[in-house]
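Reading the structure
One-letter residues, chain by chain:
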Amino acid sequence: MCLAIPVKVVELLEAEQALVDVGGVRKEVDVSLVDGVAEGDYVILHVGFAINRLDETEAQRTLAMLREMGVEPGAAA
Amino acid sequence: MKYVDEFRDGKVARNLARTIAAEVQPERRYHLMEFCGGHTHAISRYGLRDLLPPEVRFIHGPGCPVCVLPVGRIDSAIELARDHGAILCSYGDPLRVPASGRMSLLRAKAEGADIRMVYSSADALKIARENPDREVVFFAIGFETTTPPTAVALRQARAEGLKNFSVFVNHVLTPSAIQNILESPEVRELGTVPLDGFIGPSHVSTIIGSRPYEFFAEEFQKPVVIAGFEPLDVLQSVLMLVRQLNEGRAEVENQFSRAVTREGNLKAQALVAEIFELRDRFEWRGLGEVPYSALRIRDAYRDFDAEVRFELPYRSVPDHKACECGAILRGLKQPQECKVFGTVCTPDNPLGSCMVSAEGACAAYYTYGQFTKITAVAEAS
Ligand code: SF4
C-alpha cells in the first residue's frame, strides 16, 4: 500500500499527465503534485501519482557515502 | 542511474553490515523502530535481520495503513456499498481485511455489493463520470503519501461539478502515531518496549519533509534517521542510528536525501491543507483513539464527504479475540508470538489486518520468515 517506486518520465502529456516507464511498461500518471517535471526526470510513483522528484546528485553522494562506510570499518562519523 | 539496483549491491551490503558489527558496543542493545511498513517488508525480504549483529533489534511500528484501519471503518465501507447501494471504489489492499461478522469487502462483493478495485483516485473519478445515475464513493485510506492524490481527485470533482462522487476519508498522520507510541505507558513507564531510535518513513517524508521529526528528537531524545526503502538505505540508516546512539546524540538525519528535503513537497502540502483539516480524534487499530491523528474534509468540500452525505455513524468494533495485531503494531509483540500465526491465520486466510498487506509485520514474517537464512542481498551480489 505504501510501496512507491522510482520511474522515468518518458513523455509529458496534456493536463498534467505524463507517460512513465515502469520496468519496461509505459503507464500514464498524474504529475500535478510536482512542479516542473521534465522528460528524463525520475519521479517516485505512488497510487498513480508522481509524489516527488529524485535528485541524481544526492543519489550519487549517498552511493559514495555507502561505499565509504563499508570499506573503513570502525571509522568515526 | 535507475535508483533501484544501485541500492541493492550485495557486496556493499555485507561491508556495511561488517562496519555496523564493528561499531556496536557489545554491552548495549539498539532497539530501532521502523515505523513504516515498507521498511518492515524490506527488512524481511532482504533478510537484513540476519546480516546485522544481535545487538541491533528491529521493532515493527504501526506504519502500514491497512493494518491500522480499525474494523469499524471497514464495516462502514461495506455499509456504503451494501446498504446505500453505492459503487465503492477501494485500493486493492483493504479488500481482504477482516471486518465484523466474518465479513470483508471481498466477501461483500461476492455477495453482490458493487465494490471495485482501483489503482488510483483518478480511476474512482472515472467510474463516477461513467455512472452518472449511481453514487460513487472512493474509500480513501493511507498516510501522508496517499492523501495528496485524494485531494487532487476532490479538487477535480468539484471543478467538474460531479454530483455523484464522494470520498470516505480515512487518511491518518504519521507524526501523531509516533507521538502516541512515545507517550504510551509501555514505552514511558513500564519499559516493556525499549525504544532507542527510529528509522523514519521514506515516502511519507518526501511529502511532509524531515522537519516534523525534529520535535521527537528534541522532546523525547530519540534519534531519527529518514531512510530509503532499498536494503542499502536501511543498512546505512542503521549505521547512522548506531553512531548517534554511541555518541549520545538525538538528531534528525536524512539518509534519503535523494528524495527528501527538510521542507518536503510544499505544493502537495498546500493542496492537502486547502481540502482537509484535522479530526479531533480517530481510532487506530492497535493504538485506540488517537487525538488529532487523522484528517477530514473541510466544510468548503463538504458536499463530497461520504460521511456527511450518507450520515455515516462511527461504531468501534473490537478485533478478533485471538489476534495480536494491536500488540504487534505497538511494538509489544512479534508475529510469532501470536498463537494462530501461520496456522489459522495466513495471507490466504487472514484473521487480522497485519497478515493482509505485504507491509504488515505478520505477512512479512510469514512470507519471508521461514527462509531467514537465504538473503536476497546475497542473491543480488
Ligand atoms: S498472525 Fe494473524 S491473528 Fe495473529 S496477530 Fe498476525 S494478523 Fe493477527
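Use the structure listed above.
Residues numbered from 1 in each chain as written. Chains lettered and ligands numbered in written order. Predicted model: local features only at pLDDT ≥ 70, side-chain atom pairs only at ≥ 80, totals over all residues. Heavy atoms only, no water.

Side note on the sheet that holds strand β7 (residues 197-200) of chain B
Residues and elements named next belong to chain B. Stated precisely, the cut-off is as follows: Note on pairing: two strands pair once DSSP finds at least 2 bridges between them. Helical segments are the DSSP runs of H or I of at least four residues, strand segments are the runs of E of at least two, and each set is numbered from the N terminus. In this analysis, axes come from line fits to C-alpha atoms, helices being fitted only over the stretch in contact, and the angle between any two N-to-C directions falls in the range 0 to 180 degrees.
If you trace the five strands from one edge of the open sheet to the other, you get β2-β1-β7-β8-β9, paired in parallel fashion. Of all strands in the sheet, those bounded by a partner on one side alone are β2 (56-63) and β9 (252-254). The mean inter-strand angle of the sheet, taken between neighbouring strand axes irrespective of direction, is 25°. Across three bridges, β7 lies against strand β8 (residues 224-226) in parallel orientation. Residue pairing for β8: G200 is matched across the bridge by I226.

A few points about helix α8 (residues 147-160) of chain B
Residue and element names in this part refer to chain B. Our working rule: A helix is expected to span 1.5 Å multiplied by its residue count minus one. Whether a residue is buried, partly exposed or exposed follows from its accessible area with a 1.4 Å probe, protein chains only, as a fraction of its type maximum: under 20%, in between, or over 50%, in that order.
Between the first and last C-alpha of α8 there are 20 Å, a value that for 14 residues agrees with the 20 Å anticipated at 1.5 Å per step. Within the sequence span of α8, burial applies to T147, P148, P149, T150, A151, V152, A153, L154 and A157. Positioned one or two residues after α8, G161 has a phi angle of 65°, which is positive.

Some remarks on unusual backbone geometry
Of note in this structure, Q221 of chain B is not a glycine but carries a positive phi near 55°. Here Q221 of chain B is to be found in the loop between α12 (214-219) and β8.

Regarding the packing of aromatic side chains
All names here are of chain B. Here is the rule we go by: Stacked, edge-to-face and tilted labels apply to pairs of Phe, Tyr and Trp rings (six-membered ring for Trp) whose centres lie within 6.5 Å, assigned for plane angles under 30 degrees, over 60, and everything in between, in that order. Criterion for a charge above a ring: Arg CZ or Lys NZ at most 6 Å from the ring centre, at most 35 degrees from the ring normal.
One pass over the full model with this rule turns up eight aromatic pairs over all chains. When the ring of F139 is compared with that of F168, the centres are 5.5 Å apart and the planes differ by 15°; the resulting orientation is stacked. One end of the pair, F139, is in strand β5 (residues 136-142); the other, F168, is in strand β6 (residues 165-171), with 29 residues separating them in the sequence. Like F168, F139 is buried. On the numbers, 6.0 Å between centres and 50° between planes, the contact of F143 with W284 is tilted. Here the residue F143 occupies a position in the loop between β5 and α8, and W284 occupies one in strand β11 (residues 281-284), the gap between them amounting to 141 residues. With relative accessibility at 1%, the residue F143 sits in the buried group. Across from the ring centre of Y301, 4.1 Å away, lies the NZ or CZ of R158, which sits over that ring. If you follow R258 out to its NZ or CZ, it ends over the ring of F7, 3.6 Å from the centre.

Concerning the side chain of S32 of chain A
So the rule is basically this: As used in this structure description, the phrase polar contact means that two N or O atoms lie within 3.5 Å; if the pair is within protein, one of them must be able to donate a hydrogen and the other to accept it, and residues adjacent in sequence are counted only when both atoms belong to side chains. The contact criterion used is simple: two residues touch if any of their non-hydrogen atoms lie within 4.5 Å.
Note on placement: S32 of chain A falls in the loop between β3 (25-30) and β4 (42-46). Relative accessible area serves as the criterion here: at 6%, S32 of chain A is assigned to the buried category. At 2.6 Å, the side chain of S32 of chain A and the side chain of D30 of chain A are in polar contact. Non-local contacts of S32 of chain A, meaning those with residues more than four positions away in its chain, are made with E16 of chain A together with V152, R155 and K267 of chain B.

What to know about the site of the ligand
Worth spelling out the cut-off: The criterion for a residue being near a molecule or strand is simple. One of its heavy atoms has to lie within 4 Å of it. When residues are sorted by character, Ala, Val, Leu, Ile, Met, Phe, Trp, Tyr, Cys and Pro go into the nonpolar class, Asp, Glu, Lys and Arg into the charged class, and all the rest, Gly among them, into the polar class.
Not every one of the 13 residues close to the ligand is listed here, only the nearest: C323, E324, C338, C345 and C362 of chain B. Looking at the shell around the ligand, its residues break down into 11 nonpolar, one polar and one charged.

Describing the interface of chain B and chain A
How big an interface is tends to be stated in terms of accessible area lost as the parts join. Note the following rule: Two parts lose some accessible area (1.4 Å probe) when they are put together, and adding that loss for both gives the buried area. Any Lys or Arg side-chain nitrogen located within 4 Å of an Asp or Glu carboxyl oxygen qualifies as a salt bridge.
Taken together, the contact between chain B and chain A spans 49 residues of the former and 38 residues of the latter. Ranking the residues of chain B by area buried against chain A places M1, Y3 and K267 of chain B at the top, with a combined share of 17%. At the junction of chain B with chain A, the criterion picks out two salt bridges. Its salt-bridge partner being K267 of chain B, residue E16 of chain A comes within 4.0 Å of it at the nearest N-O pair. For the pair chain B and chain A, the number of links is nine residue pairs in polar contact (both at pLDDT 80 or more). When residues of the side of chain B that touches chain A are traced back to their parent elements, those giving at least two are α1 (10-23), α4 (65-68), α8, α11 (203-208), α13 (231-246) and α14 (266-275) of chain B. Here the side of chain B that touches chain A gets six residues from one element, more than from any other, and that element is α1 of chain B. For the side of chain B that touches chain A, the residue count by class is 25 nonpolar, 14 polar and 10 charged.

Some words on the side chain of S237 of chain B
Residue and element names in this part refer to chain B. Position of S237 relative to the elements: it lies in helix α13. Since its relative accessible area comes to 0%, S237 is described here as buried. Excluding its chain neighbours within four sequence positions, the residues that come into contact with S237 are V225, I226, A227 and Q255.

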